[in-house]
Each structure stands twice: as C-alpha cells, then as structure tokens.
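Structural overview
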Amino acid sequence: SPLAGIDDQELVDTRMFCNALNDLVSLDPVTQTRGNPMWGNLPRKFNIAISGSRDDFAHTHINDIGLVPVPHAETGVMGFNVVLGGYMSIKRVAESIDSNMWIPAEREAVVTLSEAILRIFRDESERKDRQKARLMWLVEKYGVEEFKKEVIKEVTSYDRAVKIEDAQPTPTGKFERRELLGVHKQKQDGKSRVGILVPAGRLSMKECRQIADL
C-alpha cells in the first residue's frame, strides 16, 4: 500500500509483510545475499499484492496473490482473505477470484502461504506457452476448491504453526474508495499525506525541487 504506516484508516501496516516476502523470493537463506536459486526458474512472472485498507490501493484484483485485510468474524483477529489469479495481458484480462482462504495477519502465516503457492506454481505451471504461464491458468486447471486443498497440503508439509481457515465475511455497509491525490490527514498527529500526479512516472529536476519545497 502506498499509504503503509501513515494511513489514518489503515487496517494492517503492510510494510513488514512486503519486506518478508521480498526476502522469501530474493534472499538466499544460506548465504544471506540477494539472489535465491530456489525461485530463479519461476514461469514468466509472479505478483503478490498486500492491501492495508478497504480501499485496496495495492490492487489485489490484478495480481497472482492478493491479500485483503479482513478481521476474523468470531475472534476479531485481523487477517487476510486470499484472492488468486488476477492479471492483465494482451491475450486475457482476468480479475482475481476468491480462494476461500483466510490467514492471520502474522509474518509466518503470510510467508508460509506465499511460499506454498510459489512452490506449486514453480513445479506445475505451464512452461511451453508463455501466455498461460500465470497462476490463474493453474487455478482453473485444478478448480478453486482442489487448489485450496493442494495449498493446505503443501503448508501442512512444512511443519509450521500456520492454519488456513475459510474466508471471512467482508465488512458490509456503504463504503466509498478514498482519493490518493491531494492533502489528507494521516495517522500521526499534526501530519498530512500529500498525493500528487506524476504523468508516466516522469519527473524533471525542476519538478523534483518543487516537490521538495512543498
């Protein structure tokens, strides 16, 4: 989430989880240097998005794994509903689908679930057709419930204290997605977040200086 750690309506600060997943994928567990041979041969590409609020500024609906913050209906423990298979390409545009899985918002749970799905994707995904080398095609091949069973089976094999539960109901009631642009109150007292539009992601030196002055 671009507002991680400063959002006054934040449900989960996603920074710890993003850093942990970055280490899972790109840090060699033996040498502790960047570059993990375990994931060096993934089919095509793989995206993981972790949303921190109901606004979903991280766009979980267009990523291979999307973690959507939802509290547990009975315990109130904050966690994530898991959506799978979103992507955009020339051949196909597919929105992520509900996997009927929920995990607590804990580092080990997020890393373990992602590792399990990555392992299945690495070993079983399509490698002969580049256009089909994305998670959605594998989920459709299995079927959602069967893929869920396979993920749970993989997680169980790691012998870690991680339990996957059925997806939790999302909050009901009227909700309007907030605006990222402009000046808005942030979580820290007396501070504001300022969102600006950067066309095509390009800033000139002059514009950088103007932003610094602001």
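About the thresholds
- Residues numbered from 1 in each chain as written.
- Predicted model: local features only at pLDDT ≥ 70, side-chain atom pairs only at ≥ 80, totals over all residues.
- Heavy atoms only, no water.
- Phe/Tyr/Trp six-rings, centres within 6.5 Å; stacked < 30°, edge-to-face > 60°.
- Helix = DSSP H or I, 4+ residues; strand = E, 2+ residues; numbered from the N terminus.
- Buried < 20%, exposed > 50% of the residue type's maximum accessible area, 1.4 Å probe, protein only.
- Lys NZ or Arg CZ within 6 Å of the ring centre and 35° of its normal.
- Expected span 1.5 Å × (residues − 1).
- Arc of directions from axis to C-beta.
- Contact = heavy atoms within 4.5 Å.

Observations regarding the packing of aromatic side chains
The full count for this structure, using the stated rule, is three aromatic pairs. Ring centres of Phe46 and Phe121 lie 5.0 Å apart, and the angle between their planes is 55°; this geometry places the pair in the tilted category. Within this pair, whereas Phe46 is found in the loop between α1 (15-26) and β1 (48-50), its partner Phe121 is found in helix α2 (residues 107-124), the two being separated by 75 residues in sequence. Taking relative accessible area as the criterion, Phe121 reaches 0% and is therefore assigned buried. Judged by centre distance (5.6 Å) and plane angle (75°), the rings of Tyr142 and Phe147 are edge-to-face. Owing to a relative accessible area of 1%, Phe147 belongs among the buried residues under this scheme. The ring centre of Trp137 lies 4.6 Å from the NZ or CZ of Arg92, which sits over that ring.

Digging into helix α4 (residues 144-157)
Its 14 residues place the ends of α4 20 Å apart at the C-alpha level, agreeing with the 20 Å of an ideal helix rising 1.5 Å per residue. All of the buried residues in α4 are Phe147, Lys148, Val151 and Val155. Relative to the axis of α4, the buried residues are bounded by an arc of 105° and lie together on one face. Of the residues in α4, the exposed ones pointing more than 90 degrees away from the buried face are Lys149, Lys153, Thr156 and Ser157. Contacts made by the buried residues of α4 are with β3 (78-84), β6 (97-104), α2 and α3 (135-142). Asp159 occupies a position one or two residues after α4 and carries a positive phi of about 60°.

Some points on unusual backbone geometry
With a phi angle near 65°, His59 is a residue other than glycine that sits in the positive phi range. Examined against the element boundaries, His59 turns out to sit in the loop between β1 and β2 (65-71). What makes His59 partly exposed here is its relative accessible area of 34%. Its identity as a non-glycine residue notwithstanding, Asn100 has a phi of 60°, on the positive side. Assignment of secondary structure puts Asn100 in strand β6. On the basis of relative accessible area, Asn100 is assigned to the partly exposed category, the value being 23%.

Shape descriptors only; they carry no functional weight alone.
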